[in-house]
Amino acid sequence: MTFLRGISMGPRTTAAARAVIWVVGMTSAMGFAMAAQGQTSDLKIGFVSSERILRESTQAKAAEQKLLQEFSKRDKDLQDMGAQLKAAADKLEKEGPVLAEGDLARRQREVQDMDREFQRRQREFREDLNQRKNEELQSLLERAQKIVRQVAEQEKYDLILQDAVYVGPRIDITDRVLKMLNGAK
């Protein structure tokens, strides 16, 4: 990309940063090309905030409640297990100086085993929760993208951007997309 020659995209540049740089570069290139042809007044650009859609749509809120119900029992079990582990560790610390060496070593192993099991269950919980969140959010974003395409076709948009650094309210169509998304069940 010759128009991005001055921008360094090293190994530490995130994928999101590369995407933003690419979109800005492509938008600039399109703008320059169209300006050269005198067609900038014909270009219709829109913007959709996916962050707002994920935060404000009724489907996002319903997905959040669904996940809360789905994972609340496991979360409570983990909290109980954490409390038991803390109680066992506190008891060991309090009684440790008076225990026989064999009993002390056995109880330390028990607390370590409890801690390992607790860490494993926490990790599994986070992984399962993240996977389910991603599934729910992906489904929501797919529905939102269909609506964005529908709006783009109906209102004859040439380009619709997501997640920009600055957007004027004139081109922000997020409210229309939210209204249609919330109306679609």
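Residues numbered from 1 in each chain as written. Predicted model: local features only at pLDDT ≥ 70, side-chain atom pairs only at ≥ 80, totals over all residues. Heavy atoms only, no water.

K.L.:
For the nonpolar core, give the residues involved together with the corresponding values.
P.N.:
The nonpolar side chains of a soluble globular protein tend to be buried with one another. Within the largest apolar cluster, 14 residues are counted, with the highest numbers of intra-cluster contacts made by Val 48, Ile 53, Ile 173, Val 177 and Leu 181. Listing elements by their share of this core, those giving two or more residues are helix H4 (101–154) and helix H5 (174–183). Those residues in contact with Ile 53, other than ones at most four positions away along the chain, are Val 48, Ala 60, Leu 140, Ala 144, Thr 174, Val 177, Leu 178 and Leu 181. Core analysis: the second largest hydrophobic core is formed by 10 residues, Leu 67, Met 81, Leu 85 and Leu 129 among them. (Core = buried A, V, L, I, M, F, W, Y, C linked by side-chain atoms within 4.5 Å. Buried < 20%, exposed > 50% of the residue type's maximum accessible area, 1.4 Å probe, protein only. Helix = DSSP H or I, 4+ residues; strand = E, 2+ residues; numbered from the N terminus. Contact = heavy atoms within 4.5 Å.)

K.L.:
Explain empty space enclosed by the protein residue by residue, including any values.
P.N.:
Within this structure, the stated rule accounts for 1 cavity of 30 Å³ or more. In this model, the largest cavity occupies a volume close to 30 Å³. What lines the largest cavity is simply Val 48, Ser 50, Ile 53, Leu 141, Ala 144, Gln 145, Val 148 and Gln 162. Among the elements that make up the lining of the largest cavity, the one with the highest residue count is H4 (4 residues). Taken together, the residues that form the lining of the largest cavity break down as 5 nonpolar, 3 polar and no charged. (1 Å grid on protein atoms, 1.4 Å probe; cavity = no way out; pocket = protein on both sides within 12 Å on 5 of 7 lines; lining within 4 Å. Points joined across faces, edges and corners; volume = space filled by probe spheres on them. Nonpolar A, V, L, I, M, F, W, Y, C, P; charged D, E, K, R; others polar.)

K.L.:
Please set out the layout of surface pockets residue by residue, giving values where relevant.
P.N.:
One number sums up the size of the second largest pocket: a volume of about 260 Å³. As for the second largest pocket, its lining consists of 14 residues, of which Glu 64, Leu 67, Leu 68, Leu 129 and Lys 133 are closest to the centre. Residue assignment for the lining of the second largest pocket shows that the elements contributing at least two residues are helix H3 (58–95) and H4. Counting residues per element, the lining of the second largest pocket draws most heavily on H3, which supplies 8 residues.

K.L.:
Break down the confidence of the model for the chain for me, with residues and values.
P.N.:
Per-residue confidence for the chain gives a mean pLDDT of 83; residues scoring 70 or more make up 77%. Every residue in residues 1–10 is under pLDDT 50, and counting partners more than four places away or in other chains gives 12 contacts. (pLDDT = per-residue confidence, 0-100.)

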